[in-house]
Amino acid sequence: MATAFKTVEPLEYYRRFLKENCRPDGRELGEFRATTVNIGSITTADGSALVKLGNTTVICGVKAELAAPAVDSANKGYIVPNVELPSLCSTRFRSGPPGEEAQVASQFIADVIENSQMIAKEDLCIANGKLAWVLYCDIICLDYDGNILDASTFALLAALKNVQLPSVTINEETGLSEVNLKQKNPLIIRKYPVATSFAIFDDTLLIVDPTAEEEDLATGTVTIVTDDEGRLCSVHKPGGSPLTGSKLQDCITRAITRHKEIKKLIDKVIKSVSPK
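Residues numbered from 1 in each chain as written. Predicted model: local features only at pLDDT ≥ 70, side-chain atom pairs only at ≥ 80, totals over all residues. Heavy atoms only, no water.

Caption draft 1: Examining the overall build of the chain more closely. Scanning the chain from terminus to terminus reveals 6 helices and 12 strands. Relative to the 2.2 N^0.38 estimate, which gives 19 Å for 276 residues, the radius of gyration of the chain is 21 Å and therefore close to what a compact globule would have. Along the longest, intermediate and shortest principal axes, the C-alpha atoms of the chain span 80 × 40 × 40 Å. Burial analysis of the chain (276 residues in total) assigns 44% to the buried set. Looking at the chain alone, contacts between residues at least 24 apart form 66% of all its contacts between residues at least 6 apart. Here the chain has roughly 14,100 Å² of accessible surface; of this, 52% comes from carbon and sulfur atoms. Distance from the positive charge centre (30 side chains) to the negative charge centre (36 side chains) of the chain: 5 Å. (Helix = DSSP H or I, 4+ residues; strand = E, 2+ residues; numbered from the N terminus. Rg over C-alpha atoms; globule rule 2.2 N^0.38 Å. Buried < 20%, exposed > 50% of the residue type's maximum accessible area, 1.4 Å probe, protein only. Contact = heavy atoms within 4.5 Å. Areas by Shrake-Rupley, 256 points an atom, 1.4 Å probe, with all protein chains shown as cover. Lys, Arg positive; Asp, Glu negative; His and termini not counted. Charge placed at Lys NZ, Arg CZ, Asp CG, Glu CD.)

Caption draft 2: Just helix 2 (residues 10-18), in detail. Among the residues of helix 2, those classed as buried are Tyr13, Tyr14 and Leu18. The buried residues of helix 2 occupy one face: seen down the axis, they fall within an arc of 135°. (Arc of directions from axis to C-beta.)

Caption draft 3: Summary view of the pairing of strand 4 (residues 78-84). What you see with strand 4 is a clean split: Ile79, Pro81 and Val83 sit on the buried side and Tyr78, Val80, Asn82 and Glu84 on the side with no burial. With 7 bridges joining them, strand 4 and strand 6 (residues 131-143) adopt parallel strand pairing. When the sheet's bridge partners are listed, proline 81 is paired in strand 6 with cysteine 137. (Pairing = 2+ DSSP bridges.)

Caption draft 4: How the structure looks around a nonpolar patch on the surface. Residues Leu66, Val179 and Leu181 make up a contiguous nonpolar surface patch of roughly 260 Å² in combined accessible area. Owing to a relative accessible area of 60%, leucine 181 belongs among the exposed residues under this scheme. (Patch = residues over 30% accessible without salt bridge, like charges linked within 9 Å, V, L, I, M, F, W, Y side chains within 5 Å. Salt bridge = Lys/Arg side-chain N within 4 Å of Asp/Glu carboxyl O.)

Caption draft 5: Representation of the nonpolar core. With 56 residues, the main nonpolar core has Ile119, Leu135, Leu156, Leu160 and Leu187 as its most contacted residues. Per element, the largest residue contribution to this core is 10 residues, and it comes from helix 4 (residues 148-162). Contact partners of leucine 187, with chain neighbours within four places excluded, come to Ile119, Leu124, Leu135, Leu160, Val163 and Leu165. (Core = buried A, V, L, I, M, F, W, Y, C linked by side-chain atoms within 4.5 Å.)

Caption draft 6: Spatial organisation of helix 6 (residues 245-273). The end-to-end C-alpha separation of helix 6 is 42 Å, in line with the 42 Å expected for 29 residues at 1.5 Å each. Listing the buried residues of helix 6 in full gives Cys251, Ile252, Ala255, Arg258, His259, Ile262, Ile266, Val269 and Ile270. (Expected span 1.5 Å × (residues − 1).)

Caption draft 7: Geometry of the state of the cysteines. In the structure shown here, the tally under the stated rule is 0 disulfides. Here cysteine 60 is not cross-linked by a disulfide; its sulfur's nearest cysteine counterpart is in cysteine 137, at 5.6 Å. The buried category is assigned to cysteine 60, whose relative accessible area is 0%. Considering cysteine sulfurs only, cysteine 233 is the nearest to cysteine 251, which forms no disulfide, with 16 Å between them. (Disulfide = S-S within 2.5 Å.)

Caption draft 8: Molecular detail of the packing of helix 4 against helix 6. Packing of helix 4 against helix 6 brings their axes to within 11 Å, and their N-to-C directions diverge by 35°. Every pair of crossing elements has a handedness; the one defined by helix 4 and helix 6 is right-handed. In this structure, helix 4 contributes Phe154, Leu157, Ala158 and Lys161 to the contact, and helix 6 contributes Ile262, Leu265, Ile266 and Ile270. Its residues assigned to classes, the contact of helix 4 with helix 6 comprises 7 nonpolar, no polar and 1 charged. (Axes fitted to C-alpha atoms, helices over the stretch in contact; angles between N-to-C directions. Left-handed = near helix turned anticlockwise from the far one by under 90°. Nonpolar A, V, L, I, M, F, W, Y, C, P; charged D, E, K, R; others polar.)

Below, the structure written as structure tokens:
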């Protein structure tokens with residue numbers, strides 16, 4: 001009977017749970033799904049991470065290449081993020097060129113990198129005007145069940161923390177670059193941006209970490225990105241229901257708490273794989 005009611009009136013089905021301050025999957029309104037992270041999953045990448053947020057599964061691989069810096073920023077390297085939502089992760093996506101949701105996610109990640117200043121692009125420069133690192137960050141969704149932005153941001157941060165770049169020098173006589181693969185250095189991560197997403201129900205009720213079903217039924221979504229100093233890096237709100245100032249402040253407060261949870265999780269994982 002409940003299954004039939006959910007199929008015919010999915011929104012009303014959800015409302016009955018929300019009135020009791022819980023959700024059909026048993027979570028409270030402010031409760032996240034179980035979150036796990038595994039780093040170094042892709043041995044052919046320079047850094048990688050696999051993140052699971054409930055059923056949503058995202059993998060990020062970072063490939064580092066050498067290139068000449070741009071003329072107008074001779075002392076900076078490049079970071080090129082790309083989010084893929086292939087048809088294998090959900091029936092809502094089609095094969096072929098990236099759809100709107102994938103493009104929005106890619107732009108969101110690019111904005112997070114830029115606004116948070118998680119990596120100083122000057123750190124990626126090897127020789128001013130001659131040589132710099134390019135970091136290609138490919139984020140691929142393996143299983144889609146909502147909240148792709150939180151999972152992608154977390155996977156990116158964990159993968160970048162896992163990156164080891166070889167030592168590179170330029171031979172003054174030949175002018176060619178010389179790469180020492182035996183001597184590798186970790187990437188300098190200056191800030192730790194963490195995204196926290198909320199779905200808005202009936203224009204007033206906020207629920208954290210929405211599933212795909214909850215995103216479809218919601219009247220709007222909002223994603224808050226904070227760094228390790230509790231500063232706001234960005235607010236992503238693609239239309240939908242408006243938020244009052246007090247509701248937005250509630251979201252920011254919850255996002256700061258979530259940041260501490262994620263930071264603790266990532267530090268624990270990195271410590272466990274570090275050589276003793």
